[in-house]
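The residues making up each chain are set out below.
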Amino acid sequence: MPLENFYEILSGICFALTGLWWTVVEGRKEWLNNAQLRSLAGGVYASFLIPGVMSLGAQIGGENKLVWRAVFAVAALTGMFFTTRLLLQLRNSGQTGFFTRSRWAVILIYALVFVFGVFPELTAPTGLKPIQVEAFLLCVIVLTGHGLAWEMMTHKID
């Protein structure tokens, strides 16, 4: 599959998931009235929105590598900031779900996205283009968002 098609599909999926997540949150008014639950819902939202924005940047950049690299770097820093903020808010929450407990790994994934966006030559040992490595990392972020969404909808969260 051409990489342009991949990013086109991924951006569509991410924005569709963002809209679906809005619908889920709208139906769970208690989440909006609780700061911790609102933060968790925002974390899921960011797991879909940020990769969607990065995918748009990959498409808009076309042959101009500087565009996608800049979009990926800024979006990765944004993801790191908001994920760290979420972790600090939830550090004593007692949440037991695997994805909620492992949210720190998302910061590391965003850090890799940032590093490979700024220093694309570091992907050379993989034998892949930098934008291909980034595609894999974005998939992991989106899959983590799915896990977080599942945990929020199926686990009792106080």
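This is a predicted model, so every value here is computed, not measured.

**Concerning the overall build of the protein chain**
For step 1, the next point in the chain: A tally of regular secondary structure across the protein chain gives seven helices and zero strands.
For step 2, the next point in the chain: When the helices and strands of the protein chain are read in sequence order from the N terminus, they spell out α-α-α-α-α-α-α.
For step 3, the next point in the chain: At 16 Å, the protein chain has a C-alpha radius of gyration in line with the 15 Å of a compact globule built from 158 residues.
For step 4, the next point in the chain: For the protein chain, the spread of C-alpha atoms along the principal axes amounts to about 45 × 30 × 20 Å.
For step 5, the next point in the chain: For the protein chain, buried positions account for 41% of its 158 residues.
For step 6, the next point in the chain: Sequence-distant contacts, at least 24 apart, represent 73% of the contacts inside the protein chain between residues at least 6 apart.

**A short note on the environment of R103**
For step 1, the next point in the chain: By the secondary structure assignment, R103 is in the loop between α5 (98-101) and α6 (104-118).
For step 2, the next point in the chain: For the pair R103 and L148, spaced 45 residues apart in the sequence, the C-alpha separation amounts to 8.8 Å.
For step 3, the next point in the chain: Contact partners of R103, with chain neighbours within four places excluded, come to G43, S47, T83, L86, L87, T144 and L148.

**Points about the packing of aromatic side chains**
For step 1, the next point in the chain: On inspection of all chains with the given rule, the structure shows six aromatic pairs.
For step 2, the next point in the chain: When the centroid spacing of 6.2 Å and the interplanar angle of 75° are considered together, the rings of Y7 and F72 count as edge-to-face. Residue Y7 is located in helix α1 (residues 3-26), and its partner F72 is located in helix α4 (residues 65-90); the two are separated by 65 residues in the primary sequence.
For step 3, the next point in the chain: Overall, Y7 belongs to the buried group, its relative accessible area being 1%.
For step 4, the next point in the chain: Using a relative accessible area of 0% as the deciding quantity, one classes F72 as buried.
For step 5, the next point in the chain: Here the aromatic cluster, defined as three or more aromatic residues joined through ring pairs, consists of F6, Y7, W68 and F72.

**Observations concerning α4**
Residues three or four positions apart in an α-helix share a direction because the helix packs 3.6 residues into each turn.
For step 1, the next point in the chain: For α4, built from 26 residues, the straight-helix expectation of 38 Å at 1.5 Å per residue is met to within 8% by its first-to-last C-alpha distance of 37 Å.
For step 2, the next point in the chain: Among the residues making up α4, those that are buried are W68, F72, A73, A75, A76, G79, T83, L86 and L90.
For step 3, the next point in the chain: Elements that come into contact with the buried residues of α4 comprise α1, α3 (35-61), α6 and α7 (130-154).
For step 4, the next point in the chain: For α4, the N-terminal cap is N64; the gap from its side-chain oxygen to the backbone nitrogen of L66 is 3.0 Å.

What counts as what
Residues numbered from 1 in each chain as written. Predicted model: local features only at pLDDT ≥ 70, side-chain atom pairs only at ≥ 80, totals over all residues. Heavy atoms only, no water. Helix = DSSP H or I, 4+ residues; strand = E, 2+ residues; numbered from the N terminus. Rg over C-alpha atoms; globule rule 2.2 N^0.38 Å. Buried < 20%, exposed > 50% of the residue type's maximum accessible area, 1.4 Å probe, protein only. Contact = heavy atoms within 4.5 Å. Phe/Tyr/Trp six-rings, centres within 6.5 Å; stacked < 30°, edge-to-face > 60°. Expected span 1.5 Å × (residues − 1). Polar contact = N/O pair within 3.5 Å; in protein donor to acceptor, adjacent residues only side chain to side chain.

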